[in-house]
Amino acid sequence: MNVLDSDNMVDFRTDYRWGSPVIWQIKPFVGLEANDEGSLYALGGLYYDFGMAPHLYLTPSIGAGLWHDGDGHDLGNAIEFRSQLELAYEFDNGHRLSTGFSHISNASIGDRNP
């Protein structure tokens, strides 16, 4: 759900993250996001895991992708960028429970950048 906007919507997102680095310790991801207003966002990007303590990770990521408005927000351009900061707890089996804050923007390459 978008917590910084007056509009209420249900938002679903999934990311697939590769465990093997492509350069240094930077790893790729792909993602898909959709909401109940028919908006769809498909993206790819890079992330880095900072191990802060046993089982605790801080993960910044950046990506770019294509946005389809549906009946939802007009973000001003089909090309959108996402930056995200996530805090996660990793269980002994390797699975993680996390929370994150992300921002989607067209970096002012469109007519508008709400």
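Look up: the structure comes first, before these words.
These notes cover the structure that comes with them. Keep in mind the model is a prediction, meaning the values are calculated, not measured. (Residues numbered from 1 in each chain as written. Predicted model: local features only at pLDDT ≥ 70, side-chain atom pairs only at ≥ 80, totals over all residues. Heavy atoms only, no water.)

**Brief notes about the pattern of salt bridges**
As a working rule, side chains carrying opposite charge can pair if their charged atoms are close by. The final tally for this structure, using the stated rule, is 6 salt bridges. Arg96 serves as the salt-bridge partner of Asp49, at 3.1 Å between the closest nitrogen and oxygen. Of this pair, Asp49 sits in the loop between β3 (40-47) and β4 (50-53) while Arg96 sits in strand β7 (residues 96-105), placing them 47 residues apart in sequence. Bridged by salt links that share partners, the residues Asp15, Arg17, Arg82 and Glu86 form one connected network. (Salt bridge = Lys/Arg side-chain N within 4 Å of Asp/Glu carboxyl O. Helix = DSSP H or I, 4+ residues; strand = E, 2+ residues; numbered from the N terminus.)

**Observations concerning the pairing of β4**
Here β4 runs beside strand β5 (residues 56-68); their pairing, made up of 3 bridges, is antiparallel. Looking at the pairing, Ala53 lines up with Leu56 of β5. The turn joining β4 and β5, which pair antiparallel and follow one another in sequence, is formed by 2 residues; a positive phi near 75° is taken by His55. (Pairing = 2+ DSSP bridges.)

**A closer look at the packing of aromatic side chains**
Using the criterion set out here, one finds 4 aromatic pairs in the structure. The ring of Tyr47 carries the charged tip of Arg17 above its face, separated from the ring centre by 5.3 Å. Sitting above the plane of the Tyr57 ring, Arg96 keeps its charged end 4.0 Å from the centroid. (Phe/Tyr/Trp six-rings, centres within 6.5 Å; stacked < 30°, edge-to-face > 60°. Lys NZ or Arg CZ within 6 Å of the ring centre and 35° of its normal.)

**Some remarks on the pairing of strand β6 (residues 79-90)**
Of the two faces of β6, the one holding Glu80, Arg82, Gln84, Glu86, Ala88 and Glu90 is buried and the one holding Ile79, Phe81, Ser83, Leu85, Leu87 and Tyr89 is not buried anywhere. Examined bridge by bridge, β5 and β6 share 11 bridges and lie antiparallel to one another. Opposite Leu66, over in β6, you have Ile79 as the bridge partner. Here β6 runs beside β7; their pairing, made up of 10 bridges, is antiparallel. When the bridges of β7 are listed, Arg82 appears paired with Ile104. Turn length for the β6-β7 hairpin, with the two strands adjacent in sequence and antiparallel, is 5 residues, and the turn residue Gly94 shows positive phi of about 95°. (Buried < 20%, exposed > 50% of the residue type's maximum accessible area, 1.4 Å probe, protein only.)

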